Amino acid sequence: MRIVSLLPSATEILFALGLGDKVVGVTHECDYPSEARSLPVLTQCVFDSEKMTQEEIDTEVKRLATAGESLYRINDQLLSEADPDLIVTQDLCHVCAITPGEVQRAVDLLGKKPEIVSLSPKLLEDVFADMDTVARSAGMDADGVIQKLHARVRRIAPAATLCEKPTVGCLEWLEPLWRTGHWIPGMVQLAGAEEVLAEGGKPSRGLSWEELQSKNPDIIILMPCGYNLGRAREEFFRVRRSYPWENLRAYQNQAIFVVDANSYFSRSGPRLVDGLEMLAEIFHPEYFANLAPLHSYVRFTV
């Protein structure tokens, strides 16, 4: 079987399932595991986000959306050369990855019609279900891999029964401000805290400073979508003067944390479990220690 992944989280799922040797094409954002970086890259973004601020990215995304244009393009020639039997893509966020319309456009040009598996997870459990779906499409069983991930989740689950739960606000964009959604609030709850800005299973959406200040959570987690830890820190330092962060309880208590969202929160793959362990360590270090991957988060100090 020849598999093309048009989604970074799908690439991570395929490799976690032991299907990496069958992957013949990936996206320009598929950087994990390291073996994925040597595979043919079949996509590109229509603008260079690496050289843009969050505000500039937001403006360009809105412009393209208004014009009805896709943010990403598939290289038709390279897809044809990959000759896939199975394409794994998504229909969850048209900003974060290739859209279904762009996939169908490219597939219509192929001489054959590969199977298309489109993932659309909204909760952590949906990610495990997606892993099973991908495995079945590739003719294999994912039970062993999924059971190991479930075991790690069960180790954290008692945190949800703790009486003392901090209030938490997770931000997935800083300029303009956006709250998170989908699987993040459920992960916060599993890790023993109360997300006060967002609802589980619902899309992320804009957030006013007035609402953030009104909710005034005990802990703030900065997880800009698609940003690694270094870039997220740089972005926060760049925009921190945009709002009076010092008025917030989390700032005053030095309880603002910056995380590697690109690895552990933005992508709906198996490393969300690492993100869950990280949150448990942040919220309840007295019970959970040394669980988070090295260099995966930092506490902002005044």
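For the structure given in this document, a descriptive report is provided here.

### Overview of the overall build of the chain
Counting its regular elements, the chain contains 12 helices and 13 strands. Taken over C-alpha atoms, the radius of gyration comes to 19 Å for the chain, in line with the 19 Å a tight globule of 302 residues would show. When its C-alpha atoms are laid out on the principal axes, the chain stretches across 60 × 45 × 30 Å. Of all 302 residues assigned to the chain, the portion counted as buried reaches 53%. Accessible surface, the chain as shown: approximately 13,700 Å² in total, 49% of it carbon and sulfur.

### Here we look at helix α4 (residues 100-107)
For α4, every residue scored as buried is listed here: Glu102, Val103, Ala106 and Val107. An end-on view of α4 places all buried positions within 130 degrees of arc, on one side of the element. Along its buried surface, α4 packs onto β4 (72-74), α3 (76-82), β5 (86-90) and β6 (115-119).

### Here's the deal with the sheet that holds β6
Spatial strand order, β2-β1-β5-β6: 4 strands in an open sheet with parallel pairing. In this open sheet, the two edge strands, each paired with only one partner strand, are β2 (23-25) and β6. Taken pair by pair, the neighbouring strands of this sheet meet at an average axis angle of 30 degrees, ignoring direction. Relative to β5, strand β1 (residues 3-5) runs parallel, the two being bridged by 3 bridges. Along β5, the bridge assignment pairs serine 5 with valine 88.

### A few points about the pairing of β5
Most of β5 is tucked away: 5 of the 5 residues are buried. Side chains Leu86, Val88 and Gln90 of β5 all project onto a buried face; the interleaved residues Ile87 and Thr89 project onto the opposite face, where all are buried too. Note that β5 and β6 share 5 bridges and pair parallel. Bridge pairing links threonine 89 to serine 118 in β6.

The rules behind each value
Residues numbered from 1 in each chain as written. Predicted model: local features only at pLDDT ≥ 70, side-chain atom pairs only at ≥ 80, totals over all residues. Heavy atoms only, no water. Helix = DSSP H or I, 4+ residues; strand = E, 2+ residues; numbered from the N terminus. Rg over C-alpha atoms; globule rule 2.2 N^0.38 Å. Buried < 20%, exposed > 50% of the residue type's maximum accessible area, 1.4 Å probe, protein only. Areas by Shrake-Rupley, 256 points an atom, 1.4 Å probe, with all protein chains shown as cover. Arc of directions from axis to C-beta. Contact = heavy atoms within 4.5 Å. Pairing = 2+ DSSP bridges. Axes fitted to C-alpha atoms, helices over the stretch in contact; angles between N-to-C directions.

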